[in-house]
Amino acid sequence: MSGLGSWVARRLLLGCVQTVAVVLLVFGLTEALPGDAAVALAGDQPDPARIAALREAMELDRPAHERFADWAAGLPRGDLGHSLASGRPVSSYLSGAFGPSLLLAALTVVPLVPLGVGLGVLAARFEDRWVDRLVSAVTLGVYAVPEFALGVLLVTVFALRLDWLPPTAVGYGTDLLGHPAALVLPVLVLLARPVCSLSRLVRAGMIDALASPYVAQARRYGIPDARVRYAHALPNAVAPATQQLARTVDWLLCGVIVVEALFVIPGLGTVLMDAVAERDVPVVQGLAVVFGVVTVVLNLGADLVAHRFAPRTEVAA
């Protein structure tokens with residue numbers, strides 16, 4: 001346990017360093033963009049005097065390193081700064097947008113695990129037979145379709161042609177749970193590729209586990225095949241898939257920009273797009289911090305779950 005505790009501490013420290021590096025990189029890239037928040041607010045025909053007044057009011061005339069240092073000083077207090085465009089606290093932007101993104105992530109992950117694991121187990125059980133070939137061909141074909149193309153296809157068929165579902169979430173605001181029909185198409189788009197990748201990982205893991213010496217030994221002891229398959233082989237097959245699941249949840253929580261833009265969902269991805277368009281640096285920095293922390297926590301949790309399912313494997317630093 002002491003070795004595992006020191007590994008967790010090292011991972012958390014490394015995660016903090018990585019988050020700081022991401023924030024610095026995002027700040028530098030945002031500063032390198034042409035124009036700034038004052039130019040964005042000035043409109044299409046900006047007046048130089050108005051731009052200068054806006055820069056002074058937003059303190060954009062100060063050196064970049066001073067502005068970054070003042071912003072970073074508030075992080076220990078949980079202060080992510082204030083939006084340059086509206087003056088609102090960045091935390092209010094994130095709290096308002098986190099709900100829709102979290103809802104989409106939860107509705108995607110709930111069917112993702114049974115579908116991905118079930119398809120992987122099914123394909124592995126009928127290895128090299130028509131069921132395995134069918135599952136592999138379908139998952140490979142679906143995975144090759146980009147989210148935007150799949151979303152447009154689903155909207156065209158189910159919303160515009162059949163009129164079964166609304167094409168976007170326009171008019172629903174953040175009350176998406178009260179309008180479940182508006183969530184069906186976004187969840188299907190978000191679910192398609194992760195199910196394919198997770199099922200292929202589970203299939204490969206199951207095939208390797210079923211061919212391992214300890215499974216052969218269990219069968220020689222007369223242990224029923226179902227118990228060997230699901231109590232011994234499946235946990236070792238699921239262990240590497242937990243990292244993929246963590247990356248999927250990270251991808252979902254950290255703003256699926258294409259899907260949120262296509263279905264007009266006011267999530268974190270939409271906030272990020274608006275902030276970049278308005279050169280709203282504090283909002284972009286706040287999102288970078290949140291995304292970095294979420295990534296570190298999810299990957300650490302995935303490694304711990306993998307270690308729990310496959311304790312024979314050493315946890316690498």
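You'll find the structure just up there.
Below or above, wherever it landed, is the structure these notes cover.

Cut-offs and rules
- Residues numbered from 1 in each chain as written.
- Predicted model: local features only at pLDDT ≥ 70, side-chain atom pairs only at ≥ 80, totals over all residues.
- Heavy atoms only, no water.
- Phe/Tyr/Trp six-rings, centres within 6.5 Å; stacked < 30°, edge-to-face > 60°.
- Helix = DSSP H or I, 4+ residues; strand = E, 2+ residues; numbered from the N terminus.
- Buried < 20%, exposed > 50% of the residue type's maximum accessible area, 1.4 Å probe, protein only.
- Lys NZ or Arg CZ within 6 Å of the ring centre and 35° of its normal.
- Salt bridge = Lys/Arg side-chain N within 4 Å of Asp/Glu carboxyl O.
- 1 Å grid on protein atoms, 1.4 Å probe; cavity = no way out; pocket = protein on both sides within 12 Å on 5 of 7 lines; lining within 4 Å.
- Points joined across faces, edges and corners; volume = space filled by probe spheres on them.
- Nonpolar A, V, L, I, M, F, W, Y, C, P; charged D, E, K, R; others polar.
- Expected span 1.5 Å × (residues − 1).
- Bend = angle between axes of the 7 residues up to and from the residue.
- Core = buried A, V, L, I, M, F, W, Y, C linked by side-chain atoms within 4.5 Å.
- Contact = heavy atoms within 4.5 Å.

1. Description of the packing of aromatic side chains
Thinking step 1. Summed over the entire model, instances satisfying the criterion amount to 2 aromatic pairs.
Thinking step 2. Here F68 and W71 contribute two aromatic rings whose centre-to-centre distance is 5.8 Å and whose plane-to-plane angle is 40°, an arrangement assigned as tilted. Here F68 and its partner W71 are both found in helix α4 (residues 64–73), 3 residues apart, which amounts to about one turn of the helix.
Thinking step 3. Judged by its relative accessible area of 8%, W71 is buried.
Thinking step 4. For the pair F158 and W164, a centre-to-centre distance of 6.0 Å together with 40° between the ring planes defines the contact as tilted.
Thinking step 5. Directly above the aromatic system of Y143 lies the positively charged group of R193, at a separation of 4.3 Å from the ring centroid.

2. What to know about the pattern of salt bridges
Note on pairing: side chains with opposite charge can pair once their charged atoms come close.
Thinking step 1. Enumeration over the complete set of coordinates arrives at 5 salt bridges.
Thinking step 2. Close ionic contact of R77 with D79 constitutes a salt bridge, the shortest N to O distance being 3.8 Å.
Thinking step 3. For R77, a relative accessible area of 64% puts it in the exposed group.
Thinking step 4. Looking at D79, the relative accessible area reads 30%, which means it is partly exposed.
Thinking step 5. We note a salt bridge from R203 to D132, for which the minimum N-O separation is 2.7 Å. With R203 in helix α8 (residues 181–210) and D132 in helix α6 (residues 130–143), this pair connects stretches of sequence that are 71 residues apart.
Thinking step 6. When salt bridges that share partners are traced, they join R62, E66 and D70 into one network.

3. Here's the deal with empty space enclosed by the protein
Thinking step 1. In the structure shown here, the tally under the stated rule is 1 cavity of 30 Å³ or more.
Thinking step 2. Put simply, the largest cavity is a space of about 30 Å³.
Thinking step 3. In this structure, the largest cavity is lined by L119, A123, V135, S136, T139, S199, R200 and R203.
Thinking step 4. Broken down by secondary-structure element, the contributors of at least two residues to the lining of the largest cavity are α5 (90–125), α6 and α8.
Thinking step 5. Classifying every residue of the lining of the largest cavity gives 3 nonpolar, 3 polar and 2 charged.

4. Some remarks on helix α7 (residues 147–161)
Thinking step 1. In this model, α7 (15 residues) spans 20 Å end to end at C-alpha, consistent with the 21 Å of a helix rising 1.5 Å per residue.
Thinking step 2. Remark: the principal bend of α7, roughly 30°, maps to V155.
Thinking step 3. Where α7 is concerned, the buried positions are E147, L150, G151, L154, V155 and A159.
Thinking step 4. The positive-phi residue at the C-terminal boundary of α7 is D163, with phi of around 55°.

5. Let's talk about the nonpolar core
Thinking step 1. If you look at the biggest cluster of nonpolar residues, it comprises 25 residues, and the most contacted ones within it are L104, L176, L185, L190, V259, F263 and I265.
Thinking step 2. Broken down by secondary-structure element, the contributors of at least two residues to this core are α5, α7, α8 and α10 (225–253).
Thinking step 3. Considering each element in turn, this core owes the most residues, 7 residues, to α8.
Thinking step 4. Dropping the residues within four chain positions of it, V259 is found in contact with E147, P186, V189 and L190.
Thinking step 5. By size, the runner-up hydrophobic cluster in this structure holds 21 residues, among which are W71, V90, L272 and A275.

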